Amino acid sequence: MARTSLQWLIFLTSLLSSTTNQVSLTVSPSSSKLFEGQSVSLSCEEDDSSAGWTLRRDTTRETRTQCGPDWGISAGSSCNISYMDPLESGVYWCESREGATSNRISISVTVLNSLLSITTDQDPEEITGKAGEDVTLQCRDHRGGDIGKLVWSRTDLGSDGYVFFFRENRPYEYLQLPSYRGRVTLSDPEMKDGDVSVVLKNVSVNDTGTYQCRVTNGEGDKHINTTKLTVPDHTDGDADGNRQWVVGVVAGLVVAGLVVFFCKIQNTQCLILARKYWNILRGWIRNLF
């Protein structure tokens, strides 16, 4: 009996220790309110280095994503983010391989309205794409210098997420709108001479909208240009064409029937109707082509 009680005591002790926070999450700078563009370092200060703690987070766009594969740069039990974006606002915590968790810290990132922000007032470029083909959205930053961040967005959607997001010399697909993931690439991967144009693959009528290009470098944030893309919906045109064919065929059959009918009555009348029928048929074919 004493041995059974001891086993239960050991079991309860291990259960309590597994659910107790064995690590504390710290944020540097020590603030839960950050501005866009700030860098942040998150660390799991652990008692047992063998626990294998990793950083995870919940945002409005993803759940329980891990530092390294999905966002940030992992360094042991720490995670560094060199450029915080408003979409990275969320709840952060440490988690071990066994499932134990640390304290949770809610971080909010707001846009900094800086005097270095530059906006161009040029008229939007209007382009038309064909459904199923690729379209290039042109954008070039003539200021020179290293590009810290490149953002392509759809201003007409009014929702969180980007068409294309490039930072730390790589794209961040998890920040893209779901319909654009895997469909947008840099026109020039090396971005020579400030070329930050992107290629939108396999466009459809759903891609019709207003696209905005913004670049951040050492001189600040700049709105380069706005492009209005139109992808016509050819479905209605195809349906109209099909209806014209059907109507034309039916009309042709009716006229042919009348010709045959009158030919049986009078040969002269048949000849006249045949000529009229030919003129009608020839005009119909000319209109179609």
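Here, the structure is the one placed above.
Here the residue numbering is sequential within each chain, running from 1 through the sequence in written order. Totals for whole chains, interfaces and linings use every residue, but because this is a predicted model, local features are given only for residues with pLDDT of at least 70 and side-chain atom pairs only at 80 or more, for both listing and counting. Note: side-chain values were computed over all heavy atoms of the structure, leaving out hydrogens and water.

A. Spotlight on the environment of Thr128. Among the structural elements, Thr128 can be located in strand β11 (residues 125–128). Buried residues are those whose accessible area, probed at 1.4 Å on protein chains only, stays under 20% of the maximum for their type, while exposed residues exceed 50% and partly exposed ones sit between those limits. On the basis of relative accessible area, Thr128 is assigned to the exposed category, the value being 63%. Between the C-alpha atoms of Thr128 and Thr230, which are 102 residues apart in sequence, the distance is 4.8 Å. Here, two residues are considered to be in contact whenever any of their heavy atoms come within 4.5 Å of each other. Among all residues touching Thr128, those that are not within four sequence positions of it are Leu229, Thr230 and Pro232. Labels follow the DSSP assignment, with helices taken as runs of H or I lasting at least four residues and strands as runs of E lasting at least two, numbered in each case from the N terminus.

B. The arrangement of the pairing of strand β13 (residues 147–154) in detail. Burial analysis of β13 places seven of its eight residues in the buried class, the great majority of the element. Here, a strand pair is defined by DSSP locating no fewer than two bridges between the strands. Pairing geometry for β13 and strand β18 (residues 209–217), over seven bridges, is antiparallel. Along β18, the bridge assignment pairs Ser153 with Gln212. Two strands pair when backbone bridges link them, and β13 and strand β14 (residues 164–167) are joined in this way by four bridges, in the antiparallel orientation. Its bridge partner being in β14, Leu150 is matched across the sheet by Phe166.

Shape is all these values report; function is a separate question.
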